[in-house]
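Here is what each chain is made of, one letter per residue.
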Amino acid sequence: MKICRICDEYYPELGDLGYLFYFENTHRFYIEIADGLDYWYAPPIMDWYIEHGIEYVDAEWSLKWVQNRIIPPDRQNIAQILINQGMDSYNEYRMLVYSDGRCAQDDCMVEEIHEKDLPEYIIRRRERHVRSVFPLHEHRVMVFFIDGTSCVVDVNSIVGIDPRFSRILRETDVFSKVHVSEGGYGICWDEEREIPFYELKINKTDYMISYDDMRLIIEHETLDTAQTAERLNCSRQNIDDLVKRDKLRPVKTGAKSKLFMRSEVEERLW
């Protein structure tokens, strides 16, 4: 994960306007808007989210914000630009850092920072994000959040007639592929089909978990040692080393294999 602070080049007294998170494995961006940022001083795109009381910009519009500030991939001399920057392929994040995020639309710029330099309120926000999600019967999912809370949500009640989700609701095997968005910003099936964490909390139900639901949860959420090694693209010896260093905790240990929680394995990919 890479992080940039977003600030105003000519009015530093405004402080940080937000923080851009880039997840390298999936090339997804999210913008966390700074606490107390005034609507009138907010960069384009962020102002709409502030007006609607939302603290972060979703992946689709965060990417658009980045793309509006960088050299496009169809630029005539893009091949030479990539060579000059030592890049073997086009990458939005590296192009953004290359230009410091400056553009003609506003006075914003970006600066790379380390995760330890994030303000405390951004770290606290992330405690409300999703930790794991399990598909249930009848288009429901069970969601656990980083803060320890959980809920069951009827996906159909949230997405309604949105055509992007029609196949997900129609085909059980597709619905079962639900997973946590990078950073825990919500649950998703692919780049275009995502439900944010706050929508999940608002739309929780009183649905009771059945025995068949529990079987689905165990099937979906557990990975053995071989599956974990494949997911992390490493050897079984590396998995054993992670366990010894308490970087990965098995939920069950057998004579020849261990079982791990899928969500804890995939957190290591963020």
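Residues numbered from 1 in each chain as written. Predicted model: local features only at pLDDT ≥ 70, side-chain atom pairs only at ≥ 80, totals over all residues. Heavy atoms only, no water.

Draft legend 1. Here's a closer look at the side chain of aspartate 8. Tracing the chain through its elements places aspartate 8 in strand S1 (residues 2-8). In this structure aspartate 8 is buried but unpaired, with arginine 69 as the nearest side chain of opposite charge at 8.9 Å. Among the polar contacts listed, one links the side chain of aspartate 8 to the backbone nitrogen of tyrosine 10, at a separation of 3.0 Å. Only 3.0 Å separates the side chain of aspartate 8 from the backbone nitrogen of tyrosine 11, close enough to count as a polar contact. Those residues in contact with aspartate 8, other than ones at most four positions away along the chain, are Leu14, Leu17, Asp107 and Cys108. (Helix = DSSP H or I, 4+ residues; strand = E, 2+ residues; numbered from the N terminus. Buried < 20%, exposed > 50% of the residue type's maximum accessible area, 1.4 Å probe, protein only. Lys, Arg positive; Asp, Glu negative; His and termini not counted. Salt bridge = Lys/Arg side-chain N within 4 Å of Asp/Glu carboxyl O. Polar contact = N/O pair within 3.5 Å; in protein donor to acceptor, adjacent residues only side chain to side chain. Contact = heavy atoms within 4.5 Å.)

Draft legend 2. Summary view of the sheet that holds strand S13 (residues 222-224). Spatial ordering of the open sheet is given by S13-S15-S14, a layout of three strands whose pairing is antiparallel. What marks the edges here is a single partner per strand, and that holds for S13 and strand S14 (252-253). Bridge count for S13 against strand S15 (residues 258-261) is three bridges, and the pairing is antiparallel. Bridged to aspartate 224 within S15 is leucine 259. Its contacts with the sheet put helix H11 (residues 225-232) on S13 and S15, and the angle it makes with S13 is roughly 95°. (Pairing = 2+ DSSP bridges. Axes fitted to C-alpha atoms, helices over the stretch in contact; angles between N-to-C directions.)

Draft legend 3. Region of the structure containing the packing of aromatic side chains. On inspection of all chains with the given rule, the structure shows 14 aromatic pairs. A centroid spacing of 5.6 Å and a plane angle of 65° characterise the contact between phenylalanine 134 and phenylalanine 144, whose relative ring orientation is edge-to-face. Here phenylalanine 134, found in strand S6 (residues 130-135), pairs with phenylalanine 144, found in strand S7 (residues 140-145); they are 10 residues apart in sequence, far enough to count as distant. Through pairs of rings, three or more aromatic residues link up here, namely Phe23, Tyr30, Tyr56, Tyr185, Phe197 and Tyr198. The ring of tryptophan 61 is capped by lysine 64, whose NZ or CZ atom sits 4.0 Å from the centre of that ring. The ring of phenylalanine 145 is capped by lysine 201, whose NZ or CZ atom sits 4.5 Å from the centre of that ring. (Phe/Tyr/Trp six-rings, centres within 6.5 Å; stacked < 30°, edge-to-face > 60°. Lys NZ or Arg CZ within 6 Å of the ring centre and 35° of its normal.)

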